Amino acid sequence: MSKPTPDVYEQGKGMDAHNQVMREIRSRKEASYDPHEPTRVWLDEDNTPDGVKRSLTIILNTGGCRWARAGGCTMCGYVAESVDGGSVSHEALMDQIDVCLAHEKENAGELSSPSSRTQSDDGDERADLIKIYTSGSFLDEREVGAESRRAIADTFADRDRMVVESLPDFVDREKIADFTQHGLDTDVAIGLETATDRVRHDCVNKYFDFADFEDACAEAAAADDAAGDDAEAGIKAYLLMKPPFLTESEAVDDMISSIERCADVSGCHTVSMNPCNVQRYTMVDELYFNDGYRPPWLWSVAHVLEETADVDAIVVSDPVGHGSDRGPHNCGECDDLVQKAIKDFDLRQDPSVFEQVSCECELTWETVLERERSFNQPLTR
Ligand code: SF4
Ligand SMILES: [Zn+2]
């Protein structure tokens, strides 16, 4: 059985009790992986400040999130790897990138939107947007060394835009410049979860503050200035809709104010609101199992998007596992319709898409918003 342990960097961070519980829960599952294969890779479409683009999303296997090894976030089912030191070599990381390029080539025919395709010199269709997630921090040099980071920037130098995931501590202008110097517009995706420090610390067990996020945005803004007209740099904030221990109405209020606060930070141009889903081997899963947690209603997601439609940022949401008990859901009858409206909103940013959907269960949702308290939640399944 793997025994996740905190490294020195993580010691003293987060809530001890949360970390202890999460370490125990994670240790129930053994993980193994091939360092030469990415965790996942797929082709998709995404809304960016330059419009909708065809994207290649890569989940790079970098040996794992060090925060998860310390215990980590209460909703994240990321399994702490048992690899000593948790690092993957430069050669193995580049093998993973090769696998992703091969995947893109093989599946290029599936591209559906002609407006978001580009022909490369050798006639292949390729994605203009490359998104790299690591279940950790791409900009943490212990996960991805400077040599690998630069080699990956070189590999994708002919694309338009890159998104790399990182915790705010590791964001700095020089690292971003590795990408912008190729003329690549570059976004750093930060799992901020909420703008409210108390909720981030006590409900999510994430150790950093909103001020760290603001610092990271300032680094991106500096990288943007330094790149001049050649490229743009910015931050994409990832927020968590309805962490554990919040009622539906508290979660909605927290999300609306979080989106507004993020949009006000210079350098942050996109907010991605992710409704919490119940992942195995997490504290949220234990709560769910004991009738102490219900994922958010899709009505709540739609409501937040409507309420924040006029902020100065792109706001999107991709409810994972929508319609299922473990994912964001309504009554079962209207889930697909509301999900479709949310996806429409993502691409068009037009809140009138929500006027076209309605269902009897809206009344139940409204009652939950009104009546649910922390001591009686969840009021419904
Ligand atoms: S949410 Fe991110 S930071 Fe938190 S444990 Fe999971 S991978 Fe690590
Ligand atoms: Zn319904």
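In the block above lies the structure referred to throughout.
The structure reproduced in this document is the subject of the present report. Worth saying up front: this structure is predicted, and the values here are computed from it rather than measured.

The next thing to look at is the packing of aromatic side chains. Tallied over the full model, the rule gives six aromatic pairs. When the ring of Tyr 133 is compared with that of Tyr 238, the centres are 6.2 Å apart and the planes differ by 80 degrees; the resulting orientation is edge-to-face. Residue Tyr 133 is found in strand 5 (residues 129-133), and its partner Tyr 238 is found in strand 8 (residues 233-241); the two are separated by 105 residues along the sequence. Here Tyr 133 and Tyr 238 have matching classes, each one buried. Summarising the aromatic geometry, the rings of Tyr 207 and Phe 208 are spaced 6.0 Å apart at their centres and angled 85 degrees between planes, so their arrangement reads as edge-to-face. Relative accessible area serves as the criterion here: at 1%, Phe 208 is assigned to the buried category. Over the aromatic face of Trp 42 sits the side chain of Arg 40, whose NZ or CZ is 4.2 Å from the ring centroid. Sitting above the plane of the Phe 210 ring, Arg 261 keeps its charged end 4.4 Å from the centroid.

This paragraph deals with helix 4 (residues 146-155). If you check which residues of helix 4 are buried, you get Ala 146, Ser 148, Arg 149, Ala 151, Ile 152 and Ala 153. For helix 4, the secondary structure elements touched by its buried residues are helix 3 (90-107), strand 5 and helix 5 (173-180).

Axis separation between helix 3 and helix 4 bottoms out at 10 Å; the angle between their running directions is 20 degrees. Here helix 4 runs roughly parallel to helix 3, going by the angle between their axes. Here helix 3 and helix 4 pass one another in a crossing that is right-handed. Contacts between helix 3 and helix 4 pair His 90, Leu 93, Met 94, Ile 97 and Leu 101 from the former with Glu 147, Ser 148, Ala 151, Ile 152 and Thr 155 from the latter. Residues that form the contact of helix 3 with helix 4 fall into these classes: six nonpolar, three polar and one charged.

Reading the values: the criteria
- Residues numbered from 1 in each chain as written.
- Chains lettered and ligands numbered in written order.
- Predicted model: local features only at pLDDT ≥ 70, side-chain atom pairs only at ≥ 80, totals over all residues.
- Heavy atoms only, no water.
- Phe/Tyr/Trp six-rings, centres within 6.5 Å; stacked < 30°, edge-to-face > 60°.
- Helix = DSSP H or I, 4+ residues; strand = E, 2+ residues; numbered from the N terminus.
- Buried < 20%, exposed > 50% of the residue type's maximum accessible area, 1.4 Å probe, protein only.
- Lys NZ or Arg CZ within 6 Å of the ring centre and 35° of its normal.
- Contact = heavy atoms within 4.5 Å.
- Axes fitted to C-alpha atoms, helices over the stretch in contact; angles between N-to-C directions.
- Parallel < 35°, antiparallel > 145°, perpendicular 65-115°, else oblique.
- Left-handed = near helix turned anticlockwise from the far one by under 90°.
- Nonpolar A, V, L, I, M, F, W, Y, C, P; charged D, E, K, R; others polar.

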